[in-house]
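A closer look at the structure
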Amino acid sequence: MTTSEPSSPVDPLRESVTVMDRLYSPGGCPWDREQTHESLVRYLLEEAHELAEAIETGDRAGVREELGDLLLQVLFHARIASEDPVDPFTVDDVAADLVAKLVRRHPHVFADTAVATGDGHAALYAQWDQIKQQEKQRESVLEGIPLAQGALARAQKVLSRAERAGLVADPGPTTELPSVPSPAPGEARPGRGAAPSGTADGLTAGDEGAPGGAPVDAAERAYGHELLDVVRRAQADGVDAETALRRALREVEQAVVAAEKSASAPRG
């Protein structure tokens, strides 16, 4: 009587790497093989947004699924990168870099560096900023904030970085909103390049134009400063402005859908 050796337990994470390798390799999926880092950007953003929505709506099954979809994007990009003719790297390289960075940026956990507690983790933030500055050799605290990030989230990131660096982030007093009358039937509402009521050319005093010579619409600039003020208040209150706006918008969407259902319901 012979006894079979116990099979090695399957490592799902390593298996996912193997499956992605098969899909992208010659003879695998033709669509996958055609993809590039650039072509996958929209899917990466879409999956991140879907994960955020699942988290904010308390969809536990959705969170699990969307985490998998986001992991797929990591595996996909790493597999594409492994065949780069100039600077190839693999998912193992990505993981190794991540481990090294986590350990390096947490000396209070993995080394004998003491850090003060309390004060809203101010000491931790200062330590992280110092370590990142040494790593990146950045000339400005604003370097590294992605330009493609939504304006609301990016504004809060800029204000947060400036505040932690002890810099003034207030561009000055908020411009008064100009009075813009309702358009007559068939008449376009004043917008970019159009002059609101009470102005000669759509510019408030001191508005000579945006960088590059483009004219700055008075209403656009004023609304921009008002939105920035809201973000500044959210930052001071410890509220993520982007999340707050998404939540409020979700409530509006639910109300609209409810109104549509009510309107289409058969009348008794």
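**Notes on the packing of aromatic side chains**
- Applying the stated criterion across every chain, the model contains two aromatic pairs.
- Residues Tyr-24 and Phe-76 carry aromatic rings whose centres are separated by 6.3 Å and whose planes lie at 75° to one another, so their mutual orientation is edge-to-face. Remark: Phe-76 occurs in helix α4 (residues 60–81) and Tyr-24 occurs in helix α1 (residues 12–24); sequence separation between them is 52 residues. For the pair Tyr-24 and Phe-76, one class covers both residues: buried.
- Here the aromatic rings of Trp-31 and Tyr-43 are separated by 6.0 Å at their centres, their planes lie at 75°, and the arrangement is edge-to-face.

**Side note on the environment of Ile-131**
- Looking at where Ile-131 falls in the secondary structure, it is placed in helix α7 (residues 122–136).
- Note on Ile-131: relative accessible area 11%, which makes it buried.
- Along the chain, Ile-131 and His-106 lie 25 residues apart, while their C-alpha atoms are 9.4 Å from each other.
- Excluding its chain neighbours within four sequence positions, the residues that come into contact with Ile-131 are Arg-104, Arg-105 and Pro-107.

**Quick notes on the packing of α1 against α4**
- Closest axis-to-axis distance for the α1/α4 pair is 10 Å, and the angle between their directions is 55°. With respect to α4, the element α1 is oriented oblique. Crossing handedness for the pair α1 and α4: right-handed. Facing Leu-13, Ser-16, Val-17, Met-20, Asp-21 and Tyr-24 of α1, the residues of α4 in contact are Leu-71, Leu-72, Leu-75, Phe-76, Arg-79 and Ile-80.

Basis of the calculations
Residues numbered from 1 in each chain as written. Predicted model: local features only at pLDDT ≥ 70, side-chain atom pairs only at ≥ 80, totals over all residues. Heavy atoms only, no water. Phe/Tyr/Trp six-rings, centres within 6.5 Å; stacked < 30°, edge-to-face > 60°. Helix = DSSP H or I, 4+ residues; strand = E, 2+ residues; numbered from the N terminus. Buried < 20%, exposed > 50% of the residue type's maximum accessible area, 1.4 Å probe, protein only. Contact = heavy atoms within 4.5 Å. Axes fitted to C-alpha atoms, helices over the stretch in contact; angles between N-to-C directions. Parallel < 35°, antiparallel > 145°, perpendicular 65-115°, else oblique. Left-handed = near helix turned anticlockwise from the far one by under 90°.

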